[in-house]
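Here's the letter readout for the chains.
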Amino acid sequence: MQLKRGLKGLLVLALAVGGLAGSVTTVAAKPKAATVLKTTKVKSTAYHATKGTIYSSAKLTRVTHHAKNYPHTTFYITKHATVRKANHKKAVYYYIGKGKAKGWIWHGYLTAGKAPKKTVAVTKNTPATFAAIKMSQNFLAIVNQERAKFGAAPLTMNANLTNLANQRAKDNGTIDTLSHTDAQGNAMFDKEAAQFGVTGETMWSECLYMSSYNDLSFNFGKDAADSYLYDDADSDWGHRKNLIDPAATQIGIGWYVKAQTQTVYNAIDQTN
């Protein structure tokens, strides 16, 4: 057995490409002022708006704000004004007397009452999906490449063995550690093999691996293969010997992800 704790770090480089474009500025004619016919003070009253132009004075010559930029701001009106606009039509404007958007706005754009509160969308992070097939392919490619160096034939994926290996990986996830045997010391391979159609073998071997994770896109297939083949001195290279054994011809590669502990378990079961 071997415990491998692997973390993958990511470095992101963001390139910002900007361009400068030429601009042409035009000067607009100064608008004609409206005539203020009557101004009345009123009790401060709450309103809100999602559109409309806010002017610095009831003469409507200079724009200071646009109500669309304040959809969640409550305006407190303190004055009313009746004006005759440049087109000779009368209109009633309300004065926003409090807040940063002070000024005059046409009353038709206002709605009585406080502005609705801004709702903050809660984004739920969708966890990445563990790509078991890809991880198995990565694993097998490395192992078979290593076997070829010693003249051993490539291992062939076996569906029954893979189903068994998936169960073995889950077994270890359930007990939160790595073990080839149950509490009574019985080999789990022997106990579970028959139910997955794995029978009649004359030799078998098993390798177990676990790794903590921060990101499920980490290449666990490569990491497990490297750990078994090239970082196995503590086990006297037992995992490596299993994987390059020329007597082994069939392999099952199993995975189990335990989200509660952020751990990935791997089981490798081989037969002749």
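Everything below is about the structure printed above this text.
Please read all numbers here as calculations on a predicted model, not as lab measurements.

*Asks:* How should I be thinking about the overall build of the chain in this particular structure?
*Replies:* Along its length, the chain carries five helices and eleven strands. Buried residues in the chain amount to 37% of all 272 residues. Put simply, of all contacts in the chain between residues at least 6 apart along the chain, 68% involve residues at least 24 apart. Carbon and sulfur atoms form 53% of the exposed surface of the chain, whose accessible area is close to 16500 Å².

*Asks:* What should I look at first to understand the sheet that holds strand 11 (residues 263–271) in this one?
*Replies:* Sheet strands pair via backbone hydrogen bonds, and the direction of the pair is either parallel or antiparallel. Judged by pairing direction, the sheet is mixed, and its four strands sit side by side in the order 8-10-11-9 without closing on themselves. Looking at which strands have only one partner, the edges of the open sheet turn out to be strand 8 (156–157) and strand 9 (204–212). Relative to strand 10 (residues 250–258), strand 8 is paired through two bridges, and the arrangement is parallel. Bridge assignment links Met 157 to a residue of strand 10, and that residue is Ile 251. The strands that helix 1 (residues 132–149) touches are strand 8, strand 10 and strand 11; relative to strand 10, the one it contacts most, it runs at about 135 degrees.

*Asks:* Quick question: what am I supposed to make of the environment of Lys 102 here?
*Replies:* Here Lys 102 shows up in the loop between strand 5 (90–98) and strand 6 (103–106). Owing to a relative accessible area of 44%, Lys 102 belongs among the partly exposed residues under this scheme. Note: C-alpha distance between Lys 102 and Phe 75 (27 residues apart in sequence) is 8.4 Å. Beyond its immediate stretch of four places on either side in the chain, Lys 102 contacts Ile 54, Thr 64, His 65, Tyr 95, Ile 96 and Gly 97.

*Asks:* Which parts of the structure should I look at to understand unusual backbone geometry?
*Replies:* With the exception of glycine, most residues fall at negative phi, and the peptide bonds are largely trans. A positive phi angle is found at Leu 60, which is not glycine, with a value near 60 degrees. A relative accessible area of 11% places Leu 60 in the buried class. Despite not being glycine, His 88 shows a phi value in the positive range, around 75 degrees. Here His 88 shows up in the loop between strand 4 (75–84) and strand 5.

*Asks:* Looking at this structure, how should I read helix 4 (residues 220–230)?
*Replies:* Every α-helix carries 3.6 residues per turn, so stepping three or four residues along brings you back to the same face. Most of helix 4 sits inside the fold, with eight of its eleven residues counted as buried. Taken together, the buried positions of helix 4 are occupied by Phe 220, Gly 221, Asp 223, Ala 224, Ala 225, Ser 227, Tyr 228 and Leu 229. Tucked inside the fold, the buried residues of helix 4 contact helix 1, strand 9, helix 5 (238–244), strand 10 and strand 11.

*Asks:* In this structure, what is going on with the packing of aromatic side chains? I would like to understand it.
*Replies:* Two aromatic rings, taken as a pair, are described by how far apart their centres are and by the angle between their planes. Tallied over the full model, the rule gives twelve aromatic pairs. When the centroid spacing of 6.5 Å and the interplanar angle of 90 degrees are considered together, the rings of Tyr 213 and Phe 220 count as edge-to-face. Each of the two residues, Tyr 213 as well as Phe 220, counts as buried. Geometrically, the ring pair formed by Phe 218 and Phe 220 is edge-to-face, given 4.9 Å between the ring centres and 80 degrees between the ring planes.

*Asks:* Sorry if this is basic, but what is going on with the pattern of salt bridges here?
*Replies:* When their charged atoms lie close together, side chains carrying opposite charge are able to pair. Per the stated rule, a full pass over the model turns up seven salt bridges. Note that Lys 149 is salt-bridged to Glu 146, the shortest N-O span being 3.1 Å. Of this pair, Lys 149 and Glu 146 both sit in helix 1, three residues apart, which is roughly one turn of the helix. Judged by its relative accessible area of 4%, Glu 146 is buried.

Parameters at a glance
Residues numbered from 1 in each chain as written. Predicted model: local features only at pLDDT ≥ 70, side-chain atom pairs only at ≥ 80, totals over all residues. Heavy atoms only, no water. Helix = DSSP H or I, 4+ residues; strand = E, 2+ residues; numbered from the N terminus. Buried < 20%, exposed > 50% of the residue type's maximum accessible area, 1.4 Å probe, protein only. Contact = heavy atoms within 4.5 Å. Areas by Shrake-Rupley, 256 points an atom, 1.4 Å probe, with all protein chains shown as cover. Pairing = 2+ DSSP bridges. Axes fitted to C-alpha atoms, helices over the stretch in contact; angles between N-to-C directions. Phe/Tyr/Trp six-rings, centres within 6.5 Å; stacked < 30°, edge-to-face > 60°. Salt bridge = Lys/Arg side-chain N within 4 Å of Asp/Glu carboxyl O.

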